[in-house]
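Below, each chain spelled out in residue letters.
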Amino acid sequence: NMTTPSPEVRVGLIGCGNIARAHVRAYTTLGPSVARVVATADVSPELAERRAQELGARQFAVDYREVLDNPEVEAVDVCLPHYLHAEVAIAAARAGKHVLIEKPMACSMAEGREMVSAAEHCRALLETQGPNPAQPERNPAQPERNPAQPERSRGPLDTARDRPLDTARDRP
């Protein structure tokens with residue numbers, strides 16, 4: 001019995017502190033037709049619950065692995081201190097989740113390579129949070145864009161929606 005996939009990306013928000021507030025605003029602005037937070041995790045149960053309530057998520061937890069175990073979660077948004085990025089991103093990829101992570105991606109090149117390797121092996125997307133699309137920053141090294149050619153920015157949520165994981169294969 002095949003079901004039609006939902007158009008939105010179902011997200012688990014891991015880390016509900018200061019940086020997560022900006023992400024909460026972004027998810028609220030994007031709306032549920034693009035991305036819907038279905039689970040939150042934070043070491044502070046009160047904070048995890050508050051963010052879950054703000055976003056209408058049904059699950060909140062103090063252990064991020066509970067979010068990774070949730071089959072409804074397709075992607076995770078990692079809003080944690082830098083030293084936790086690699087551990088959580090690798091675990092998320094191995095759990096079959098796409099990963100959006102804040103800058104810096106990792107604390108070392110070795111950690112970054114491990115993250116990329118895990119994502120590639122598990123066929124998960126690993127995206128680092130870039131500039132705010134509402135406030136584009138032009139790189140002076142890039143040529144000016146021709147305004148006659150329409151351009152649509154493709155962010156990690158678009159890419160995740162277009163590339164579902166094959167969770168039956170390539171898992172370590």
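Below or above, wherever it landed, is the structure these notes cover.

Rules behind the numbers
- Residues numbered from 1 in each chain as written.
- Predicted model: local features only at pLDDT ≥ 70, side-chain atom pairs only at ≥ 80, totals over all residues.
- Heavy atoms only, no water.
- Helix = DSSP H or I, 4+ residues; strand = E, 2+ residues; numbered from the N terminus.
- Buried < 20%, exposed > 50% of the residue type's maximum accessible area, 1.4 Å probe, protein only.
- Contact = heavy atoms within 4.5 Å.
- Core = buried A, V, L, I, M, F, W, Y, C linked by side-chain atoms within 4.5 Å.
- Polar contact = N/O pair within 3.5 Å; in protein donor to acceptor, adjacent residues only side chain to side chain.
- Axes fitted to C-alpha atoms, helices over the stretch in contact; angles between N-to-C directions.
- Parallel < 35°, antiparallel > 145°, perpendicular 65-115°, else oblique.
- Nonpolar A, V, L, I, M, F, W, Y, C, P; charged D, E, K, R; others polar.

Some points on the overall build of the chain
Reasoning step 1: Helix and strand counts for the chain stand at six helices and six strands.
Reasoning step 2: Counting from the amino terminus, the chain carries its helices and strands in the arrangement β-α-β-α-β-α-β-α-β-α-β-α.
Reasoning step 3: With 172 residues in all, the chain has 38% of them scored as buried.
Reasoning step 4: Long-range pairs, those at least 24 residues apart, make up 66% of the contacts in the chain with a sequence separation of at least 6.

A word on the nonpolar core
Reasoning step 1: Among the nonpolar cores identified, the biggest contains 24 residues, and Ile14, Val67, Val76, Val78, Val99 and Met115 are the most heavily contacted of them.
Reasoning step 2: Counting only elements with at least two residues in this core, the list comes to β2 (35–41), α3 (64–68), β4 (75–78), α4 (85–94), β5 (98–101) and α5 (109–122).
Reasoning step 3: For this core, the leading source of residues is α4, giving six residues.
Reasoning step 4: Residues in contact with Val76, not counting those within four places in the same chain, are Gly12, Ile14, Val67, Leu68, Ala92, Lys97, His98, Val99 and Leu100.

Examining the side chain of Glu8
Reasoning step 1: Mapping Glu8 onto the fold places it in the segment before β1 (9–14).
Reasoning step 2: Only 2.9 Å separates the side chain of Glu8 from the side chain of Arg36, close enough to count as a polar contact.
Reasoning step 3: Filtering out sequence-adjacent residues up to four positions away, Glu8 remains in contact with Pro32, Ser33, Val34, Ala35, Arg36 and Glu74.

Regarding the packing of α4 against α5
Angle between the axes and distance between the axes: these two values describe a pair of packed helices.
Reasoning step 1: Here α4 crosses α5 at 10°, and the two axes come no closer than 8 Å. Classified by the angle between their axes, α4 and α5 sit roughly parallel to one another. Together, His85, Ala86, Ala89, Ile90, Ala93 and Arg94 of α4 and Glu111, Glu114, Met115, Ala118, Ala119 and Cys122 of α5 make up the contact between the two elements.
Reasoning step 2: Grouping the amino acids of the contact of α4 with α5 by side-chain chemistry returns eight nonpolar, one polar and three charged.

Overview of the side chain of His23
Reasoning step 1: Relative to the elements of secondary structure, His23 occurs in helix α1 (residues 18–30).
Reasoning step 2: A polar contact is formed between the side chain of His23 and the side chain of Glu102, at a distance of 2.4 Å.
Reasoning step 3: Sequence-distant contacts of His23, defined by excluding residues within four places in its chain, comprise Asp77, Cys79, Glu102 and Gln129.

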